[in-house]
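Close look at the chain arrangement
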Amino acid sequence: MQNFLRCMLENHYRECIDFAVGSIHSADELGKFYSEVITPALYEIGRLWEEGKISAVQEHLATAISMRIMSAMYGSFVMGEPTKGAAIVTAAPNEFHEVGARMVSDQLEIDGWQVDYLGANSPTVDLLDLLRQKKPFFLGMAAIIPFNVEGIRSIIESMKADEELKQIKIMVGGPVFIHEPELWRQIGADGCAEDGVKAVTLAGKWWAQEANQ
């Protein structure tokens, strides 16, 4: 991870993509690369920025490199027609950090889910309208900034109060939920996933339970 981190900080995209190509040969290895290389590298870059050791521009360049690598590698492992249900994945309202949500979306789609990925800062009203239109099996929402948890809480409360939406499963994730392990229960979510690998596992468990009912 350290060499990858160094290349990101020095904006050496070609070295980063070469490292990814040499490390990823299967969908399982892609998930492992997301969880064990890209994620900790970005956490470290975020820490360096918070401590004033790197600039905001360096942080943005590193994030852009991660997104470019994900776009380049994702297409190699997407399978054919979906074998599982529909899911919507998004960052929380006012949340502009979307890499984690994108990782989860990619890994779910590779696992056979039909995923609509909305990216960063999805307006609550528009998201609820889309949920009524699509009626997915589950909704995944991610937050990094603690303040943005309130937006997730508001969406969950609206869904639970809506006859059309209250049966949709709700999965949350992101550092704010990792740092406060019981927070997802407190805001009314159905589950929490630390990373894309665990999101796939949790979604698969829900899908199997639905099939057995």
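Before going into details, it helps to say that this report is about the structure given with it. None of these values were measured; they are calculated from a predicted model. (Residues numbered from 1 in each chain as written. Predicted model: local features only at pLDDT ≥ 70, side-chain atom pairs only at ≥ 80, totals over all residues. Heavy atoms only, no water.)

1. Observations regarding the overall build of the protein chain
Defined as follows: Secondary structure follows DSSP: runs of H or I at least 4 residues long count as helices, runs of E at least 2 residues long count as strands, and numbering of each begins at the N terminus. Based on C-alpha atoms, the radius of gyration is set beside the globule rule, defined as 2.2 Å times the residue count to the power 0.38. Per-residue accessibility, obtained with a 1.4 Å probe over protein chains only, is compared with the maximum for each type, and a residue is labelled buried under 20%, exposed over 50%, and partly exposed between these values. By definition in these notes, contact holds between two residues if any of their heavy atoms fall within 4.5 Å. Using the Shrake-Rupley algorithm and a 1.4 Å probe, accessible areas are obtained, with residue cover drawn only from the displayed protein chains. Neither His nor the chain termini are counted; the positive set is Lys and Arg, and the negative set is Asp and Glu. The location of each charge is read from NZ of Lys, CZ of Arg, CG of Asp or CD of Glu.
Each helix and strand in the protein chain was counted, giving 10 helices and five strands. The globule rule puts the C-alpha radius of gyration for 213 residues at 17 Å, and the 17 Å found for the protein chain is close to it. Its C-alpha atoms give the protein chain principal-axis dimensions of roughly 50 × 40 × 30 Å. A burial count over the protein chain gives 46% of its 213 residues as buried. Counting contacts in the protein chain only where the partners sit at least 6 residues apart, residues at least 24 apart contribute 73% of the total. If you sum the accessible surface of the protein chain, you get close to 10,800 Å²; carbon and sulfur atoms cover 52% of it. Within the protein chain, one finds 18 positive and 30 negative side-chain charges whose respective centroids are separated by 2 Å.

2. Considering the packing of helix α5 (residues 99–110) against helix α10 (residues 196–211)
Rules: Axis lines are fitted through C-alpha atoms, for helices just across the contact stretch, and the angle between N-to-C directions can take any value from 0 to 180 degrees. The scheme is simple: roughly parallel for angles under 35 degrees, roughly antiparallel for over 145, roughly perpendicular for 65 to 115, oblique for anything else. Here a crossing is taken to be left-handed if its near helix is turned anticlockwise relative to the far helix by less than a right angle, and right-handed if that turn runs clockwise. Each residue is assigned to one of three groups, with Ala, Val, Leu, Ile, Met, Phe, Trp, Tyr, Cys and Pro labelled nonpolar, Asp, Glu, Lys and Arg labelled charged, and all others, Gly among them, labelled polar.
Interhelical geometry of α5 versus α10 gives an angle of 45° and a closest axis separation of 8 Å. The pairing of α5 with α10 is recorded here as oblique in orientation. Along this stretch, α5 crosses α10, giving a crossing that reads as right-handed. Between α5 and α10, the residues in contact are Val-104, Gln-107 and Leu-108 and Gly-196, Val-197, Ala-199, Val-200 and Ala-203, respectively. Class assignment for the residues of the contact of α5 with α10 results in six nonpolar, two polar and no charged.

3. What about the sheet that holds strand β3 (residues 138–142)?
Spelled out, the test is: Note on pairing: two strands pair once DSSP finds at least 2 bridges between them.
Taken in spatial order, the five strands line up as β2-β1-β3-β4-β5 in an open sheet, and their pairing is parallel. Of all the strands in the sheet, just β2 (114–119) and β5 (191–193) have a single pairing partner and so form its edges. Ignoring strand direction, the axes of neighbouring strands in this sheet form an average angle of 20°. Of the strand pairs in this sheet, β3 and strand β4 (residues 169–173) are connected by five bridges, and their pairing is parallel. The partner of Phe-138 across the bridge, within β4, is Lys-169. Against the sheet, α5 makes contact with β1 (86–91), β2 and β3, and its axis sits at roughly 170° relative to β2, the strand it touches most. Sitting on the sheet, helix α7 (residues 149–160) is in contact with β3 and β4, with an inclination near 165° to β3.

4. Notes on unusual backbone geometry
Although it is not a glycine, Asn-94 adopts a positive phi angle of roughly 70°. Relative to the elements of secondary structure, Asn-94 occurs in the loop between β1 and α5. When its relative accessible area of 48% is taken as the criterion, Asn-94 is described as partly exposed.

5. Description of helix α3 (residues 27–50)
Basically, it comes down to this: Multiplying one less than the number of residues by 1.5 Å gives the expected span of a helix. For a residue, the bend is simply the angle between two axes, fitted respectively to the seven-residue segment ending there and the seven-residue segment starting there.
Relative to the 34 Å expected for 24 residues at 1.5 Å per residue, α3 spans 33 Å between its end C-alpha atoms, a close match to the ideal helical length. Taking the largest bend as the criterion, α3 deviates by roughly 35°, centred on Phe-33. Regarding α3, the residues found buried are Leu-30, Gly-31, Phe-33, Tyr-34, Ser-35, Val-37, Ile-38, Thr-39, Ala-41, Leu-42, Ile-45 and Leu-48. Packing partners of the buried residues in α3 comprise α1 (2–9), α2 (13–23), α4 (56–74), α5 and α10. Two residues or fewer past α3, Gly-52 is found with a positive phi of approximately 75°.

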